Amino acid sequence: MTGIATAPNTRGTAGNAVEVHGIVKHFGSTKALDGVDLTVREGTVLALLGPNGAGKTTLVRVLSTLIKPDAGSAFVGGYDVVRQPKQLRRTIGLTGQYASVDELLSGYENLYLIGRLLDLSSRDSKARAAELLERFSLTEAAKRTAKTYSGGMRRRLDLAASMMGRPRVLYLDEPTTGLDPRTRNEVWDEVQRMVSEGSTVLLTTQYMEEAEQLADELTVIDRGKVIANGGVAELKARVGGQILQVRPAHPAELPEMARCLHESGITSATVSPDDGLLAVPLAGEEQLTAVIGVLGGRGFAIAGIDTKVPSLDEVFLAITGKPTAGPATAPAAALVKEPVA
Ligand SMILES: Nc1ncnc2c1ncn2[C@@H]1O[C@H](COP(=O)(O)OP(=O)(O)O)[C@@H](O)[C@H]1O
Ligand SMILES: [Mg+2]
């Protein structure tokens, strides 16, 4: 996005739906955002990935004009979050981490009301509500109060609500946190559909799998700071492209095997005792030969080897030194099979 004459500090850069420069936000002594930069290009999905408390919701609130940043600047659809809040609000749709539907109203009434709040005519509000209820498979439940809806139905209603004003940019703040896998898949399908229809999406999530499913690019945030960003494949490549897994014939030898590799300068080798595996992120093919050479040379019996592409959980762990969700319980180099829920 270089070479375009728009000055970045007045409108943002053309082609960027969201542009964030050095945003800082304190809550008392908590530095929720500590100089965040990120970009979401028009028509793409950016996953803002980070553990609980990383600052994701705070950034979404800044970008929704709900709170003012202490420093930095941000533009959405070319509008300045601080100086052009009204125009900016008309550009965005927001689905919060917690469903914001009115429980006492029906699905239809919720959407109609939002349409009217957005200054749509009564006729347009009705038509748009009916269209979205159909699309989110809520037509049959349209007249029931939202109180009677299942978690998945509520989340779908919430998504529909954020779409009422045909926003150019959608913020989805942890849209599937707390949902069962089936409902999560339904929400993913909807998000993919919105994107295929041209929406730009800023999605916050604690789940690698979600980012991998939905996002073009990732920005990883931790304690208010961006610690990595790039394409999914790019971030994976950062942990070495491939991981070599060695299964020893005698699992009790795992620590000794790791020690020998470390002594030979292969310091990235880690042990996963639960799986009975030794894992080595590979910097290149020659390293595979080196690992096998060292282990064979020391007389370790190997039952099997395998290479695999790292999961995003492993990418996150490699970058942050902690698993994707929950407290930092694992040592920096451990291999985590499943995120701590
Ligand atoms: N209104 C608030 N008052 C005080 N502290 C807050 C407030 N909102 C967020 N925080 C703190 O800011 C940090 C980031 O929170 P948040 O943006 O909600 O993280 P995330 O959405 O990534 O879980 C946390 O330490 C949180 O406790
Ligand atoms: Mg949050």
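- The protein is annotated in an unreviewed UniProt entry as ABC-type xenobiotic transporter of Kitasatospora aureofaciens.
- In the Subcellular location (unreviewed entry) part of its UniProt record, the protein is described as follows: "Cell membrane".
- Under the UniProt heading Sequence similarities (unreviewed entry), the note attached to the protein is "Belongs to the ABC transporter superfamily. Drug exporter-1 (DrugE1) (TC 3.A.1.105) family."

## So, the sheet that holds strand β14 (residues 302-308)
And step 1. The 4 strands are arranged β12-β13-β11-β14 in an open sheet whose pairing can be described as antiparallel. Edge strands, defined here as strands with exactly one partner in the open sheet, are β12 (270-272) and β14. The mean inter-strand angle of the sheet, taken between neighbouring strand axes irrespective of direction, is 25 degrees.
And step 2. The pairing of strand β11 (residues 242-248) with strand β13 (residues 277-282) spans 5 bridges and is classified as antiparallel. In the strand pairing of β13, Gln242 is matched with Leu282.
And step 3. Helix-sheet contacts for helix α9 (residues 254-263) involve β11, β12 and β13, and the interaxial angle to β12 is about 165 degrees.

## Examining the pairing of strand β10 (residues 225-231)
And step 1. Of the pairings in the sheet, the one linking strand β9 (residues 217-222) to β10 comprises 6 bridges and is antiparallel in character. Paired with Val220 across the bridge in β10 is Ala228.
And step 2. The hairpin formed by β9 and β10 contains 2 residues between the paired strands, and Arg223 there has a positive phi angle of roughly 45 degrees.

## Describing the site of ligand 1
And step 1. Near ligand 1, the surroundings consist of Phe27, Thr30, Ala32, Gly50, Asn52, Gly53, Ala54, Gly55, Lys56, Thr57 and Thr58.
And step 2. Counting residues per element, the ones that place at least two in the shell around ligand 1 are β2 (30-41) and α1 (56-63).
And step 3. Ranked by the residues each element gives to the shell around ligand 1, the list is headed by α1, at 3 residues.

## Regarding the packing of helix α3 (residues 107-117) against helix α4 (residues 122-135)
And step 1. Direction vectors running N to C along α3 and α4 enclose 135 degrees, while the axes themselves pass 8 Å from each other. In terms of orientation, α3 and α4 fall into the oblique class. Between α3 and α4 lies a crossing whose hand is right-handed. Touching Gly107, Tyr108, Leu111, Tyr112, Gly115 and Arg116 of α3 are Asp124, Ser125, Lys126, Arg128, Ala129, Leu132 and Leu133, all from α4.

## Considerations on α3
And step 1. Where α3 is concerned, the buried positions are Gly107, Tyr108, Asn110, Leu111, Tyr112, Ile114 and Gly115.
And step 2. Those residues of α3 hidden inside the fold are in contact with α4 and α5 (151-163).
And step 3. Once α3 ends, the next one or two residues include Asp119, with phi positive near 75 degrees.

## Details of unusual backbone geometry
And step 1. Of note, Arg166 is a non-glycine position whose phi angle comes to about 45 degrees, a positive value.
And step 2. Exposure remark for Arg166: the 10 C-beta atoms within 10 Å place this residue in the exposed category.
And step 3. Even without being glycine, Glu174 reaches a positive phi, approximately 45 degrees.
And step 4. For Glu174, a count of 22 C-beta atoms within 10 Å translates into the label buried.

## Focus: the sheet that holds strand β7 (residues 169-173)
And step 1. If you walk across this open sheet you meet the 6 strands as β6-β7-β8-β3-β9-β10, and the pairing is mixed. With one partner strand each, in any of the chains shown, β6 (92-95) and β10 form the two edges of the open sheet. Recorded for the sheet is a direction-independent mean angle of 15 degrees between the axes of neighbouring strands.
And step 2. Contacting β6 and β7, α5 runs over the sheet at an angle of about 165 degrees to β6.

## Quick word on the nonpolar core
Soluble, globular proteins show a tendency: their nonpolar side chains are buried together.
And step 1. Judged by nonpolar contacts, the single largest core of 66 residues is most densely connected at Ala47, Val76, Leu111 and Ala160.
And step 2. Not counting the four nearest positions on each side in its chain, Leu111 is found in contact with Ala129, Leu132, Leu133, Ala160, Ala161 and Met164.

## Here we look at helix α6 (residues 181-196)
And step 1. In this model, α6 (16 residues) spans 22 Å end to end at C-alpha, consistent with the 22 Å of a helix rising 1.5 Å per residue.
And step 2. Along α6, the residues classified as buried are Arg184, Glu186, Val187, Glu190, Val191 and Met194. The buried residues of α6 occupy one face: seen down the axis, they fall within an arc of 160 degrees. In α6, the exposed positions that point more than 90 degrees away from the buried face belong to Pro181, Arg182, Asp189, Arg193 and Ser196.
And step 3. In the core, the buried residues of α6 are packed alongside α5, β7, β8 (200-205) and α7 (208-214).
And step 4. At the exit of α6 stands Gly198, carrying a positive phi of roughly 105 degrees.

## Remarks on the environment of Leu66
And step 1. Relative to the assigned elements, Leu66 resides in the loop between α1 and β4 (71-76).
And step 2. Placed 19 residues apart in sequence, Leu66 and Pro85 show a C-alpha to C-alpha distance of 9.1 Å.

## Describing the environment of Arg247
And step 1. Structurally, Arg247 is set in strand β11.
And step 2. Looking at Arg247, the number of C-beta atoms within 10 Å reads 15, which means it is partly exposed.
And step 3. Expressed as a C-alpha distance, the spacing of Arg247 and Ile305, which sit 58 residues apart in the sequence, is 6.0 Å.
And step 4. Here Arg247 is in contact with Gly276, Leu277, Ala303 and Gly304, once residues within four sequence places are set aside.

About the cut-offs
- Residues numbered from 1 in each chain as written.
- Chains lettered and ligands numbered in written order.
- Predicted model: local features only at pLDDT ≥ 70, side-chain atom pairs only at ≥ 80, totals over all residues.
- UniProt positions renumbered as here; feature names shortened; annotations may be inferred.
- Pairing = 2+ DSSP bridges.
- Helix = DSSP H or I, 4+ residues; strand = E, 2+ residues; numbered from the N terminus.
- Axes fitted to C-alpha atoms, helices over the stretch in contact; angles between N-to-C directions.
- Contact = placed C-beta atoms within 7 Å.
- Near = placed C-beta within 6 Å.
- Parallel < 35°, antiparallel > 145°, perpendicular 65-115°, else oblique.
- Left-handed = near helix turned anticlockwise from the far one by under 90°.
- Buried ≥ 20, exposed ≤ 12 C-beta atoms within 10 Å, placed from the backbone.
- Core = buried A, V, L, I, M, F, W, Y, C linked by C-beta atoms within 7 Å.
- Expected span 1.5 Å × (residues − 1).
- Arc of directions from axis to C-beta.

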